[in-house]
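Chain and residue survey
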Amino acid sequence: MIGLFFTSLFKHLNSRDIHAVEAKNGNLSDRELEVLEWTIRGLTAKETGEKLFVSKRTIDAHRKSMLEKFDANNTIEMVVKAIGWKIIKIPPEMLLDRP
């Protein structure tokens, strides 16, 4: 069920729909916010690295750091917390599939 929710959510996202705001406690770097934005769009570490002109290992390091900062066990938990903490803002109309 949760997988279908995120699949539906991710397929509708584009650059105008995701707005990074100040991280909870201000502890995410600008680069981590960029990596988070691309992660939410469903890009792999390799694809994100290509977008940001860094290696996959660098992206993996950013993701690991964010998982620790979010106290998350996996990417889905990190994304849920990012939404809940308003680190990213997704317009309400993007949360539901409408005919």
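Owing to the predicted nature of the structure, the values given are computational and were not obtained by experimental measurement.

Burial in helix H3 (residues 45-52) covers these residues: Ala45, Thr48, Gly49 and Leu52. When H3 is viewed along its axis, its buried side chains cluster within an angular range of 100 degrees and face the same direction. What points out from H3, more than 90 degrees from its buried face, is the exposed set Lys46 and Glu50. On its buried face, H3 sits against helix H2 (30-40) and helix H4 (56-70). Where H3 ends, the next residue or the one after it, Phe53, has phi of about 60 degrees, a positive value.

A few words on the side chain of Thr48. Assignment of secondary structure puts Thr48 in helix H3. Contacts of Thr48, omitting those with residues within four sequence positions, involve Val35, Trp38, Leu43, Ile59 and Arg63.

A few words now on the confidence of the model for the protein. In the predicted model, the protein carries a mean pLDDT of 76, and 64% of its residues have values of at least 70. Looking at the elements of the protein, mean pLDDT is at its lowest for strand E1 (residues 19-20), recorded as 38, and at its highest for H3, recorded as 96. Every residue in residues 14-23 is under pLDDT 50, and counting partners more than four places away or in other chains gives 24 contacts.

So, about the pattern of salt bridges. Inspection of the entire model under this criterion finds four salt bridges. One salt bridge connects Asp60 with Lys56, and the closest N-O pair in it is separated by 2.7 Å. Of this pair, Asp60 and Lys56 both sit in helix H4, four residues apart, which is roughly one turn of the helix. Using a relative accessible area of 31% as the deciding quantity, one classes Asp60 as partly exposed. A relative accessible area of 46% means that Lys56 is categorised as partly exposed. Glu77 is paired through a salt bridge with Lys81; the nearest N and O atoms lie 3.5 Å apart. Taken together, the residues span about one helical turn, with Glu77 and Lys81 both in helix H5 (residues 75-84) at a distance of four residues. Here Glu77 falls in the partly exposed class, since its relative accessible area comes to 25%.

Conventions and cut-offs
- Residues numbered from 1 in each chain as written.
- Predicted model: local features only at pLDDT ≥ 70, side-chain atom pairs only at ≥ 80, totals over all residues.
- Heavy atoms only, no water.
- Buried < 20%, exposed > 50% of the residue type's maximum accessible area, 1.4 Å probe, protein only.
- Helix = DSSP H or I, 4+ residues; strand = E, 2+ residues; numbered from the N terminus.
- Arc of directions from axis to C-beta.
- Contact = heavy atoms within 4.5 Å.
- pLDDT = per-residue confidence, 0-100.
- Salt bridge = Lys/Arg side-chain N within 4 Å of Asp/Glu carboxyl O.

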